[in-house]
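Below are the chains, spelled out letter by letter.
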Amino acid sequence: MAKNQREITVEKTRPADTTAYANEDVWSENTSTGTAWTFSRVTLFNAQTGFITKALIQCDDTNITPTFTMYLFNVTPTGNLNDNVANTNPVYATESDNYIGRLDWGAMEDLGGASEAEIVPGDTGMPKPFICAASDNTLYGVLVIRTGAYTPTNGAKIRVTLTIAPD
């Protein structure tokens, strides 16, 4: 990791069920009160700019191959955040000014004890520039299964690690 970069990791545990996901479903921690993925203190100051230089996604489910997308915002998104429901983010009418863009991981690979995928510099869209909101230094995300619907294990966990280079 280069000088002045920091890694910020967020992990969520999905609900205690094995309900299959369809393409474009949200992956979250609750089916009725899901929350955004919150990457706190990505910069030292509010309204500061920076770059996401690397993004790693890991799941404790092994032998899965879906692709994931994370939609990123500089405020809490207003679309659907509940687990295993069709994604509605970003909401054009309310989020156009706060939408940073998305991270698109390739297919997960089974590494024995976990499945993972990563996006590194040189991959499409990396590094990803961002600006934090005027009163915040946090980024917010919505994780969506892009392709490769699958049946998860009960209480599966996903961890997303962003490598941040503030300006």
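Residues numbered from 1 in each chain as written. Predicted model: local features only at pLDDT ≥ 70, side-chain atom pairs only at ≥ 80, totals over all residues. Heavy atoms only, no water.

> Would you mind showing me how to read the environment of Q58 here?
Residue position: Q58 is located in strand β3 (residues 49-59). Each C-alpha atom of the pair Q58 and E11 lies 9.2 Å from the other, and the pair is 47 residues apart in sequence. Other than its neighbours up to four places away in sequence, Q58 contacts M108, S115, E116, K157, I158 and R159. A polar atom in the side chain of Q58 sits 3.3 Å from the side chain of E116. (Helix = DSSP H or I, 4+ residues; strand = E, 2+ residues; numbered from the N terminus. Contact = heavy atoms within 4.5 Å. Polar contact = N/O pair within 3.5 Å; in protein donor to acceptor, adjacent residues only side chain to side chain.)

> What am I meant to see in the side chain of T69 here?
Tracing the sequence through the fold places T69 in strand β4 (residues 67-73). Beyond its immediate stretch of four places on either side in the chain, T69 contacts R102, L103, D104, W105, V142, L143, V144 and R146.

> How should I be thinking about the pattern of salt bridges in this particular structure?
Opposite charge on two side chains permits pairing when their charged atoms draw close. Summed over all chains, the structure comprises seven salt bridges. The partner of D17 in a salt bridge is R14, with the nearest N and O atoms 2.6 Å apart. Looking at R14, the relative accessible area reads 2%, which means it is buried. A salt bridge links R102 to D104; its shortest N-O distance comes to 2.7 Å. Since its relative accessible area comes to 44%, R102 is described here as partly exposed. Via salt bridges that share partners, R14, D17 and D83 belong to a single interconnected network. (Salt bridge = Lys/Arg side-chain N within 4 Å of Asp/Glu carboxyl O. Buried < 20%, exposed > 50% of the residue type's maximum accessible area, 1.4 Å probe, protein only.)

> Where do I start with the sheet that holds β4 in this structure?
Working definition: the strands of a sheet are paired by backbone hydrogen bonds and lie parallel or antiparallel to each other. With antiparallel pairing, the four strands of this open sheet are ordered in space as β2-β9-β4-β5. Each end of this open sheet is capped by a strand with a single partner; those strands are β2 (37-39) and β5 (99-104). On average, each strand axis in the sheet is tilted by 30 degrees relative to the strand beside it, whichever way the strands run. (Pairing = 2+ DSSP bridges. Axes fitted to C-alpha atoms, helices over the stretch in contact; angles between N-to-C directions.)

> Where do I start with the side chain of N80 in this structure?
Within the secondary structure, N80 is located in the loop between β4 and α1 (92-95). On the basis of relative accessibility, which here comes to 14%, the residue N80 falls in the buried class. Among the polar contacts listed, one links the side chain of N80 to the backbone nitrogen of N82, at a separation of 3.0 Å. Excluding residues that lie within four positions of it along the chain, N80 makes contacts with V26, V85, A86, N87, T88, N89 and V142.

> What exactly am I supposed to notice about the nonpolar core here?
Across soluble globular proteins, nonpolar side chains have a tendency to be buried as a group. Membership of the largest hydrophobic core comes to 33 residues, with the highest contact counts inside it found for W27, F39, F68 and W105. For this core, the elements supplying multiple residues, two or more each, are β1 (6-13), β2, β3, β4, β5, β7 (115-119), β9 (139-147) and β10 (157-166). One finds A36, Y71, F73 and V144 within the second-largest nonpolar core, a separate group that totals eight residues. (Core = buried A, V, L, I, M, F, W, Y, C linked by side-chain atoms within 4.5 Å.)

> Got a minute to help me understand the packing of aromatic side chains in this structure?
Within a pair of aromatic rings, the relevant descriptors are the distance that separates the centres and the angle that separates the planes. Tallied over the full model, the rule gives four aromatic pairs. Considering the side-chain rings of Y71 and Y99, the 6.4 Å spacing of their centres and the 35 degrees angle between planes classify their relative orientation as tilted. Pair noted here: Y71 is in strand β4 and Y99 is in strand β5, with a separation of 28 residues, a long-range link. We classify Y71 as buried; its relative accessible area is 12%. Ring geometry for F73 versus Y99: centroids 5.4 Å apart, planes at 50 degrees, classification tilted. (Phe/Tyr/Trp six-rings, centres within 6.5 Å; stacked < 30°, edge-to-face > 60°.)

This is a description of form; function is not addressed.
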